[in-house]
Amino acid sequence: MAKKKAWNVFGKLRTATRKIWMWSPSRREALELAKTGKGKSAMYLCAICRKSFPKYCMDVDHIVPCGEFLNYEQYADWCYRLFDGELRVLCKPCHQERK
C-alpha cells in the first residue's frame with residue numbers, strides 16, 4: 001500500500017490565499033493596464049517580449065517574488081508581498097523563463 005502524503009497546513013493556506021488573490025483589485029488593475037483593445041478581441045501586452053497575446057496566454061507576475069512561508073509569523077509578510085507587491089503581466093513563455 002502506498003504511503004499517504006502528510007497534510008501540510010501551510011501548503012493549504014498558500015493555495016487558498018492565492019485563490020483569493022486571483023480576484024484582487026491589484027491583479028485586475030495590472031491586467032487592465034496591459035490590455036490593448038476592447039471587448040472579446042482585447043489583447044494583452046507582455047512586459048518582457050512586448051508581444052500581444054489573448055488573456056488566456058497571460059500570467060500576472062510579482063516583480064519581487066512572494067517566496068515561501070514556513071510558519072505563521074512569515075505568513076503576514078508573504079500576504080503583504082502577494083497583495084501589495086509590484087505586478088506586471090507576462091506571456092506564459094516569458095513567465096516560465098523567469099521562474
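Residues numbered from 1 in each chain as written. Predicted model: local features only at pLDDT ≥ 70, side-chain atom pairs only at ≥ 80, totals over all residues. Heavy atoms only, no water.

**Focus: the environment of E97**
To keep things clear, this is the line we draw: Only DSSP runs of H or I reaching four residues or more are called helices, and only runs of E reaching two or more are called strands; each is numbered from the N terminus. Working definition: with a 1.4 Å probe on protein chains only, accessible area under 20% of the residue-type maximum means buried, over 50% means exposed, and in between means partly exposed.
Inspection of the secondary structure puts E97 in helix α4 (residues 92–98). Residue class for E97 comes out exposed when judged on its relative accessible area of 72%. Taking the C-alpha atoms as reference points, E97 and P25, separated by 72 residues in sequence, lie 26 Å from one another.

**Comments concerning the layout of surface pockets**
Put simply, the test is: Here a cavity is any set of points on a 1 Å grid over the protein atoms alone where a 1.4 Å probe fits but cannot get out, and a pocket is any open set with protein on both sides within 12 Å along at least 5 of 7 lines; a residue lines the site when it has an atom within 4 Å of a point. Grid points are joined across faces, edges and corners, and a volume is the space filled by probe spheres set on the points. Each residue is assigned to one of three groups, with Ala, Val, Leu, Ile, Met, Phe, Trp, Tyr, Cys and Pro labelled nonpolar, Asp, Glu, Lys and Arg labelled charged, and all others, Gly among them, labelled polar.
Quantified by volume, the largest pocket comes out at close to 390 Å³. Lining the largest pocket are 16 residues, and of these R18, D61, H62, H95 and K99 lie nearest its centre. Elements with a contribution of two residues or more to the lining of the largest pocket: α1 (9–21), β4 (58–62) and α4. Per-element accounting of the lining of the largest pocket gives the leading share, 5 residues, to β4. Classifying every residue of the lining of the largest pocket by side-chain character gives 6 nonpolar, 3 polar and 7 charged. Considering only enclosed or pocket space, the second largest pocket measures out at about 190 Å³ in volume. S26, E29, A30, L33, A34, L45, A47, R50, L87, R88 and V89 together form the lining of the second largest pocket.

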